[in-house]
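# Descriptive analysis of the structure
Given next are the chains, with one letter for each unit.
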Amino acid sequence: MANNPDPKLTAGEHAKVAYYVARMAKRSLAGETVHMGDLERKVDRIIDGARKRAEQSK
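In this text, all values refer to a predicted model and were calculated from it rather than measured experimentally. (Residues numbered from 1 in each chain as written. Predicted model: local features only at pLDDT ≥ 70, side-chain atom pairs only at ≥ 80, totals over all residues. Heavy atoms only, no water.)

This part takes up the overall build of the protein chain. Looking only at helices and strands, one finds two helices and zero strands in the protein chain. A compact globule built from 58 residues would reach a C-alpha radius of gyration of about 10 Å, whereas the protein chain, at 13 Å, exceeds it by more than 25%. Taking the principal axes of its C-alpha atoms as reference, the protein chain extends roughly 45 × 20 × 15 Å. Put simply, the protein chain has 58 residues, and 21% of those count as buried. Accessible area of the protein chain: about 4600 Å², with a carbon and sulfur share of 55%. For the protein chain, the distance from the average site of its 12 positive side-chain charges to the average site of its 8 negative ones is 6 Å. (Helix = DSSP H or I, 4+ residues; strand = E, 2+ residues; numbered from the N terminus. Rg over C-alpha atoms; globule rule 2.2 N^0.38 Å. Buried < 20%, exposed > 50% of the residue type's maximum accessible area, 1.4 Å probe, protein only. Areas by Shrake-Rupley, 256 points an atom, 1.4 Å probe, with all protein chains shown as cover. Lys, Arg positive; Asp, Glu negative; His and termini not counted. Charge placed at Lys NZ, Arg CZ, Asp CG, Glu CD.)

Listed below in structure tokens is the structure:
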């Protein structure tokens with residue numbers, strides 16, 4: 001996984017990541033103490049899936 005830090009994302013994955021980042025931004029307006037770990041894990045899971053797909057296609 002360290003070989004390809006920026007995998008190609010599909011259009012659906014781009015949309016999901018953008019949605020989760022927008023939700024993170026909205027939560028950050030509530031304050032610095034708001035927990036965003038769940039959304040960060042979802043984004044990480046999408047990126048890890050894209051990396052795995054890129055490795056399988058090689």
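On we go.
By secondary structure assignment, the location of glutamate 13 is in helix 1 (residues 11-28). Polar contacts involving the side chain of glutamate 13 include one to the main-chain amide nitrogen of threonine 10, which spans 2.9 Å. Separated by 2.9 Å, the side chains of glutamate 13 and arginine 53 make a polar contact. Every residue in contact with glutamate 13, bar those within four places of it in the chain, is listed here: Lys8, Ile46, Ala50 and Arg53. (Polar contact = N/O pair within 3.5 Å; in protein donor to acceptor, adjacent residues only side chain to side chain. Contact = heavy atoms within 4.5 Å.)

Another point: the environment of glycine 49. One can find glycine 49 in helix 2 (residues 37-57). A residue is classified by how much of its surface remains accessible, and glycine 49, at 33% relative accessible area, is partly exposed. Between the alpha carbons of glycine 49 and proline 7 there is a distance of 9.3 Å; along the sequence they are 42 residues apart.

Quick look at the nonpolar core now. Among the nonpolar cores identified, the biggest contains six residues, and these are Val17, Tyr20, Met24, Leu39, Val43 and Ile46. Of all the secondary-structure elements, those providing two or more residues to this core are helix 1 and helix 2. Sequence-distant contacts of tyrosine 20, that is, excluding residues within four places in its chain, are made with Leu39, Lys42, Val43 and Ile46. (Core = buried A, V, L, I, M, F, W, Y, C linked by side-chain atoms within 4.5 Å.)

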